[in-house]
Amino acid sequence: MLRKGFLILLIVALGVMLAACAGETSAPAGDSAATGDSAGEAAGDGGQMATIGFTASLTGKLNVESTRQTNGLNLWMKQVNDAGGVALDGGAVQFQSTFYDDESNQDRVQELYTRLATEDGANFLISPYSSGLTAASSVIAEQYEKVMITTGAASDSNYTQGYTLVYQAYTPASKYLTGAVDMIAANSPDLKKLAIVHENDKFSTDVSTAAEEYALEQGFEVVLFEGYDSGTTDFAPIINKVEQAGPDAILGGGHFQDGSTFARQLAEKGVATEYLVLLVAPPEPTFAELGDAAIAVAGPSQWEPQAAYTAEAAEAGGMEWYGPTGEEFVSAYEDEYGEEPSYHAAGGYTAGLVLQAAIEKAGSLETAAVKEALDGLDILTFFGHIKFDTSEEAHGLQVGHEMVYIQWQKNDAGDLVKEIVWPAEAKTAEALHPVR
Amino acid sequence: MKKWLQPGLWIPLLLVAAFAAYPAITGSASARETMFTMIMSIGLASSLNILLGYTGYVSFGHIVFFGLGGYLGFWAIDELGWHLAPAVLLGGVTAGLLALLLGLAILRLRGAYFALATIGVNEAMKSLVMNLPFLGAATGMELNFSVYKSYGGPATALWMVYWSLAAIVLIITVVSYAVKKSKFGLGLMAIREDEDAAGIMGVVSSRAKTWAYVLSAVFPGMIGVLFFFKNGIIEPGSAFRLNLSIELLVMVMLGGAGTVLGPILGGAFYQRLRGLLLTSDLFKNIQLAVAGLLLLLIVLFIPSGAVGWLRERSDRLRRVLE
Amino acid sequence: MILQLRGVTKQFGGLTAVKDVSFDLAKGEILGLIGPNGAGKTTLFNCINGVYPVTKGTVTFLGEDVTNSPTYSMAHRGLARTHQIVRPLNDLTVRDNVIVGACYGSKRMGLGAAADTADKTLEFVGLAPRSESLAGSLNVAQKKRLEMARALASQPTLLLLDEVLAGLNTAEVSNMLATIRRIREQGVTIIMIEHIMHAVMNLSDRIIVLNYGELIASGAPDEVAQDPQVVEAYLGDPELAAQLLEKEKEEDGATGNA
Amino acid sequence: MFESILPFLVDGLLIGIVYGLVAMGLTLIFGIMNVINLAHGPIIALGMFGVYLFFTYMGFNPYFGLILMAGVGLLFGILIYFVAVHRVLNGPHLAGLLATFAVNMMIIGIGTSIFSTSFRNVDYSLGSVDVVGVTVTGTRLAASFVAILVTALLYAFLYRSRLGKNIRAVANNRVSAELMGIPSTRVLAISFGIGTMLAMISGGLLATIQPFTILSGSVYELKSFVIVVLGGLGNPLGAMIGGIILGLIEGLVPVFMKTTWVPVLEFALFILILLVRPQGLFGAKQ
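The rules behind each value
Residues numbered from 1 in each chain as written. Chains lettered and ligands numbered in written order. Predicted model: local features only at pLDDT ≥ 70, side-chain atom pairs only at ≥ 80, totals over all residues. Heavy atoms only, no water. Helix = DSSP H or I, 4+ residues; strand = E, 2+ residues; numbered from the N terminus. Buried < 20%, exposed > 50% of the residue type's maximum accessible area, 1.4 Å probe, protein only. Contact = heavy atoms within 4.5 Å. Areas by Shrake-Rupley, 256 points an atom, 1.4 Å probe, with all protein chains shown as cover. Rg over C-alpha atoms; globule rule 2.2 N^0.38 Å. Pairing = 2+ DSSP bridges. Axes fitted to C-alpha atoms, helices over the stretch in contact; angles between N-to-C directions. Buried area = accessible area lost by both parts, 1.4 Å probe. Salt bridge = Lys/Arg side-chain N within 4 Å of Asp/Glu carboxyl O. Polar contact = N/O pair within 3.5 Å; in protein donor to acceptor, adjacent residues only side chain to side chain. Nonpolar A, V, L, I, M, F, W, Y, C, P; charged D, E, K, R; others polar. Domains from an automatic or database assignment. Core = buried A, V, L, I, M, F, W, Y, C linked by side-chain atoms within 4.5 Å. Parallel < 35°, antiparallel > 145°, perpendicular 65-115°, else oblique. pLDDT = per-residue confidence, 0-100. 1 Å grid on protein atoms, 1.4 Å probe; cavity = no way out; pocket = protein on both sides within 12 Å on 5 of 7 lines; lining within 4 Å. Points joined across faces, edges and corners; volume = space filled by probe spheres on them. Phe/Tyr/Trp six-rings, centres within 6.5 Å; stacked < 30°, edge-to-face > 60°. Lys NZ or Arg CZ within 6 Å of the ring centre and 35° of its normal. Expected span 1.5 Å × (residues − 1).

**Q** Outline the overall build of chain A, supporting the account with residue identities and numerical values.
**A** Looking only at helices and strands, chain A has 13 helices and 16 strands in total. Sorting the 436 residues of chain A into buried and exposed places 61% on the buried side. Long-range contacts, defined as pairs at least 24 residues apart, comprise 68% of the intrachain contacts of chain A with a sequence gap of at least 6. Counting every atom, chain A has about 15,100 Å² of accessible surface; 51% of that belongs to carbon and sulfur.

Structure follows, in structure tokens:
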């Protein structure tokens, strides 16, 4: 009996030990993460240190966009800390970050955010990239009462789930393509037939459904509304269907790859249309690699380097101007990373900026105070207008920020360049049409 | 009965209980999340083992039960306002029913044909759900945060989900042992060794296989509801993830197919190994390749897995380890 | 009558493996089923216990028409068989193998009763010392005994033995013969396919001969051995023919061995 | 009516022929050694990357790259055979599935760390051609043409050459082939090599018409399963027919319903065929 008792004890001990090991290591954190900003380490002179926690897709299918977003955030943190931090009543506060690799995988996000919120003692959270991952992390932020600024997470639905501490930096998905409808109505009032072809994922479906609804309200006829599976590389059947429907304009798309493939295959098949407006892909600089197939393709962007939001405009609109100008941001980013910032990078920077503004206004790192400050925030930044919905139904939803529409055009030298073609007050060129 | 006191049962039970209790001892929410993943893997692998290990049918798409059960339970909570408990039952029943229907059909297929069919079922179900508006189609569904409040706030809710999972996995362990030691289980193992000979000996293989399939499907269906309730969001891609399905196979093989203890050790070891490889600078980028190499070595040299290997070493171990 | 076959025919594509076979089997009888290789003996077994659906004809077992019943239902009705090429459940212990037979056989016992039966049966066939070994680790003779034990544990009314003596040495053969006799003493009816002539001639009450799927002779061992049609059928296989003719000489050679 | 579905038909047919070649390696290997090669997808992806690398970094014409990849594929397949397949050939079918899946994990793991998972394009164009009034890109037409050519060569090899006849003998009955003096291990290794070669060639062809990542192979692996079941496991010509059927389904179904229903129909058909006619629509019985 004694021997048996001993054996039981041994097995329990073994189990707990194994569990403990797992606890330590199965989060990919450990060494790969927790690279607190080096400038932040020096803030030992009575100042406070605030920790910002997030996950990023260092690996996995979303790693490109996610990395840019992280770059933007890190740039913001470096600038704040170099400037001595944010002045609060109890002295300046500086920032450090703790982050983990989420592998673009929903299974791990909750585990990692829980770790950030509890063990790592993060004061604030930033969302992962993409709406799906953000939805999973929002539950944790709310549960552990941490303010989370979301960026790269456009779906509206995440802000109608009763969260009170989650704030969206991006323009929500429902507004992505409504501007395109306005643009077509304004430029070519005779066109009535739209085809909406979208990737069958959460974000693109939300965008397209909202766009269809809006287009119908505006008196358009939607002759084709069709989804295609994520990862589609052969658009032949879809393109045949588009040709059969004979629309005046084609709206839709999804993410970079399917969008650019769709544009390429449309060109190869010589499909004629007045307007082609696609999500996500066109604003990416690499879209230009399509060559002639890129000409006249338009797309909504959260932000473009040319977008010139100014302190004057803020004053005119009755808003507070906050943060660097667009030019300052672009040059700082280029110095740091050697490439032009994409809107994902700007979004990452803005997430930090919004947090900074709220902390300054609150004069505290306390969740309740920062939440109150965020609720009342109404600022204009280089990224655009930032203001949040404070209603119970859609708390935290971005209501200030507007999309700009870019279009690839050939300049006089024959190079492909992005021009802003909508909204009217921001445009740098007239929209080119027809596409073919 | 005396057999309930056998080490073959209490060793795995204690091991699972020890894993489950670890976050409670430390009281750490982040340990809880880590262990959730591990215990979930153990539960799913043990369920799969009833079909794969005892009955000898390779299911590549077993995750379909996790996904479908999760979807139906989630829908009941979100749309019908059900409490978690009946929703978990609904998930289990749905998965069981699907297995029953499938069992009558595809279990007639043997070997590779069955394995292929299970992949087909998973993919078909995934594409089907993507076309069903009431399940949120491609966008999936999200839970309103207020749902957690009715369970005493989100913190309590998440601990409750964790303990429910632990309880279910303990039940799976008991069921797995009970099946192995029962007449039913003996019939399954006879089917695994030689289905035709088993039939000639009087084992009604079509019926036995179907019940094994149902049994191995019910628990993943229940676990699915818990997992997605905790996640607050469900999407076709995360519900019917073929990769996870195949990882489960690897876990069962690592630990030893057809043993009670094997899937438990396999699940724990696999998750731990993944963690180790992911954090190691050397292997971080090629962790999948290292895992693959390990799998290959096991398949080639220790096909009966860790527990099977130990059992082959000595008669004494064979009496202790099931 | 325990078993009645009427016009049983089995075709595989164009090939007729069993053609219009009819015979009756009385309770307690040992029926020898002989014939050259490829004569359709095993196929006939497969038709009787439901492994193959028959193309034509009927099989009646214990007064019920069981034509094309699934194998398991035949087992439940009290029919057990062994295989020419042994089919042990390799990864189960010898004892578990036999327990499967007992659990799912004619009595469909519970595990406890089945374990008792298994132990007794293993004792009976002389495998008790190996009962905890894995079935896959047995040698051929032991595997044959295991098949036998499995079949017996199901408490059959009718036992089909498919070449249980093949591949055994002389001592093992006489052991097995003794076992078969003792089974008969318990009132089990037996059909045995066998190539070792002296054994089948000695054990059987009656013999039927298949050639190219057709039943060409039926009767007492002596009659059959002298049937010119049978001798002719066996000419293709000189060794068997020799055995057939030498049968008289070896009479009683294996008796007295208990 | 016909006029309006003609473009759907032509596109479906052309891609279907390529699909046929995609599945041919899988079905060939299964037919000869009863192993479902779960490394099939990553091997297709390697074919894509091979052609891509030859084209992008060495400036080789993609169709010349294809020939090089055929050689690479043959050797690579023989290597996989000896490392992973040979030992499990006589084991339970689970062993074969898991061993090849382990190879799959290794290729994906190493491939991801080298190439990441971002998309690549073989930036090569043959312009557009008018086929019966439908605009078709040249690369697509060429891909179908090469697929048919490779199929024809495979059949010539299997039925005319000595080695091909040996392969068929081993496929038919390994034991009796060995008794006849055919070195079965060598034949099996070469067969696995040929199966791998076919997968690589098909990958290379796909690379000329579509963008891809190192993970793209898994999509075609799933399609291959459907195709081989349609055409009968183990039957290369059946794979071609199955591929064309799949291509036509993908091409024509969107005429009548939303494209998102295509995979539902595909996999439902797949399960249905497995249940009703496991030997495939045109399968020769084993």
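**Q** For the overall build of chain D, give the residues involved together with the corresponding values.
**A** On a plain count of helices and strands, chain D comes out with 11 helices and 2 strands. Listing each helix as α and each strand as β along chain D from the N terminus yields α-α-α-α-β-β-α-α-α-α-α-α-α. In terms of overall dimensions, chain D is globule-like: its C-alpha atoms have a radius of gyration of 19 Å, near the 19 Å expected for 286 residues. Principal-axis analysis of the C-alpha atoms gives chain D an extent of 60 × 50 × 35 Å. For chain D, the residues scored as buried account for 60% of the 286 residues in total. Restricting to contacts in chain D with at least 6 residues of sequence separation, those with at least 24 account for 76%.

**Q** How would you explain the sheet that holds strand 5 (residues 64-65) of chain C if you had to name every residue and give the values?
**A** All names here are of chain C. Read from one edge to the other, the open sheet built from 4 strands follows the order 2-1-4-5, with strand pairing classed as antiparallel. At either margin of the open sheet sits one strand with a lone partner, and together these are strand 2 (15-25) and strand 5. Two elements, strand 4 (residues 56-61) and strand 5, share 2 bridges in a ladder whose sense is antiparallel. Looking at strand 5, one finds that phenylalanine 61 is bridged to glutamate 64. In this fold helix 1 (residues 41-48) packs onto strand 1 (3-12), strand 2 and strand 4, with an angle of close to 115 degrees to the strand it touches most, strand 1.

**Q** Provide a residue-level description of the interface of chain A and chain D, including the pertinent values.
**A** Of the residues lining the interface, 23 residues belong to chain A; the matching set on chain D comes to 26 residues. Buried surface at the junction of chain A and chain D, both sides included, amounts to about 2,000 Å², of which 47% is carbon and sulfur. Between chain A and chain D we count 3 salt bridges in total. Across the salt bridge formed by Asp234(A) and Arg140(D), the nearest N and O atoms sit 2.6 Å from each other. Counting every contact that joins chain A to chain D gives 12 residue pairs in polar contact (both at pLDDT 80 or more). Sorting the residues of the side of chain A that touches chain D by element identifies strand 8 (221-228), helix 8 (236-245) and helix 9 (256-268) of chain A as the ones contributing at least two each. For the side of chain A that touches chain D, the element with the highest residue contribution is helix 8 of chain A, accounting for 6 residues. Of the residues in the side of chain A that touches chain D, the class split is 5 nonpolar, 10 polar and 8 charged.

**Q** Please set out the domain arrangement of chain A residue by residue, giving values where relevant.
**A** Residues and elements named next belong to chain A. Annotation of chain A at the domain level lists domain 1 (34-171 + 311-387) and domain 2 (175-301 + 403-422). For domain 1 and domain 2, the distance between their C-alpha centres works out to 31 Å. In this complex, domain 1 contributes 11 residues to the contact, which on the side of domain 2 involves 11 residues. Linking domain 1 with domain 2 are 1 salt bridge.

**Q** So what about the environment of Ala429(A)? Which residues, and what values?
**A** Residues and elements named next belong to chain A. Here alanine 429 is to be found in the segment after strand 16 (416-422). On the basis of relative accessible area, alanine 429 is assigned to the buried category, the value being 16%. With 22 residues separating them in the primary sequence, alanine 429 and glutamine 407 have C-alpha atoms 8.9 Å apart. Among residues more than four places away in sequence, those in contact with alanine 429 are Gln409, Glu419, Ile420 and Val421.

**Q** If you had to explain the nonpolar core to someone new, which residues and values would you point to?
**A** Membership of the largest hydrophobic core comes to 373 residues, with the highest contact counts inside it found for Phe95(A), Ile149(A), Leu374(A), Ile180(C) and Met33(D). Sort the elements by how many residues they give to this core and helix 2 (residues 29-55) of chain B lands first, with 15 residues.

**Q** So, the sheet that holds strand 7 (residues 193-199) of chain A: which residues are in play, and what are the values?
**A** Residues and elements named next belong to chain A. Spatially, the 7 strands line up as an open sheet ordered 8-7-9-10-11-15-16, and their pairing is mixed. Two strands lie at the open edges of the sheet, namely strand 8 and strand 16, each paired on one side alone. Averaged over all pairs of adjacent strands, the angle between their axes in this sheet comes to 25 degrees, without regard to strand direction. Two strands pair when backbone bridges link them, and strand 7 and strand 8 are joined in this way by 7 bridges, in the parallel orientation. The residue bridging histidine 198 from the neighbouring strand is glycine 227, located in strand 8.

**Q** So what's going on with the packing of helix 5 (residues 140-153) of chain C against helix 6 (residues 170-185) of chain C? Which residues, and what values?
**A** All names here are of chain C. Viewed as axis vectors pointing N to C, helix 5 and helix 6 meet at an angle of 5 degrees, and their least axial separation amounts to 11 Å. One way to sum up the angle between helix 5 and helix 6 is to call them roughly parallel. Counting all contacts with helix 5, which are made through Ala141, Lys144, Arg145, Met148 and Leu152, the residues of helix 6 involved are Glu172, Asn175, Met176, Thr179, Ile180 and Ile183. Looking at the contact of helix 5 with helix 6, its residues break down into 6 nonpolar, 2 polar and 3 charged.

**Q** Give a description of the side chain of Ser138(A) that names residues and reports values.
**A** Residues and elements named next belong to chain A. Within the fold, serine 138 resides in helix 5 (residues 131-143). You can call serine 138 buried: its relative accessible area is 0%. Among the polar contacts listed, one links the side chain of serine 138 to the backbone oxygen of threonine 134, at a separation of 2.8 Å. If we ignore the near neighbours within four places in the chain, the residues touching serine 138 are Met148, Asn158, Tyr163 and Val166.

**Q** With reference to specific residues and values, describe the confidence of the model for chain A.
**A** Across chain A, pLDDT averages 85, with 89% of residues at or above 70. Segment residues 23-44 of chain A is flagged for pLDDT under 50; beyond a separation of four residues in sequence, or across chains, it makes 57 contacts in the model.

**Q** Which residues make up empty space enclosed by the protein, and what values do they have?
**A** Any empty space left between the atoms is revealed when a probe the size of a water molecule rolls over them. Here the structure, examined in full by the defined rule, presents 9 cavities of 30 Å³ or more. In this model, the largest cavity occupies a volume close to 100 Å³. What lines the largest cavity is a set of 13 residues, and nearest its centre among them are Ile200(B), Met201(B), Ala80(C), Arg81(C) and Ala151(C). Every element with two or more residues in the lining of the largest cavity is listed here: helix 9 (195-200) of chain B together with strand 6 (79-81) and helix 5 of chain C. In terms of residue class, the lining of the largest cavity is built from 7 nonpolar, 3 polar and 3 charged. Taken as a whole, the second largest cavity holds about 60 Å³ of empty space. Secondary structure elements with two or more residues in the lining of the second largest cavity: helix 8 and helix 9 of chain A.

**Q** Would you mind going over the packing of aromatic side chains in detail, with residue names and values included?
**A** Scanning all chains against the criterion turns up 47 aromatic pairs over all chains. Residues Tyr155(D) and Tyr159(D) carry aromatic rings whose centres are separated by 5.7 Å and whose planes lie at 5 degrees to one another, so their mutual orientation is stacked. Here Tyr155(D) pairs with Tyr159(D), and both are found in helix 5 (residues 138-160), just 4 residues apart, close to one helical turn. Take Tyr159(D): its relative accessible area is 43%, and that puts it in the partly exposed class. Above the ring of Phe220(A), the side-chain terminus of Lys192(A) is found at 5.1 Å from the ring centroid. The ring centre of Tyr159(D) lies 3.9 Å from the NZ or CZ of Arg168(D), which sits over that ring.

**Q** Any chance you could break down helix 2 (residues 40-58) of chain D for me, citing the residues and the numbers?
**A** All names here are of chain D. If you check helix 2, its first and last C-alpha atoms are 26 Å apart, about what 19 residues at 1.5 Å a residue would give, namely 27 Å. Taken across its 19 residues, helix 2 has 14 buried, putting it largely inside the fold. In the stretch just after helix 2, glycine 59 is the one whose phi turns positive, near 75 degrees.

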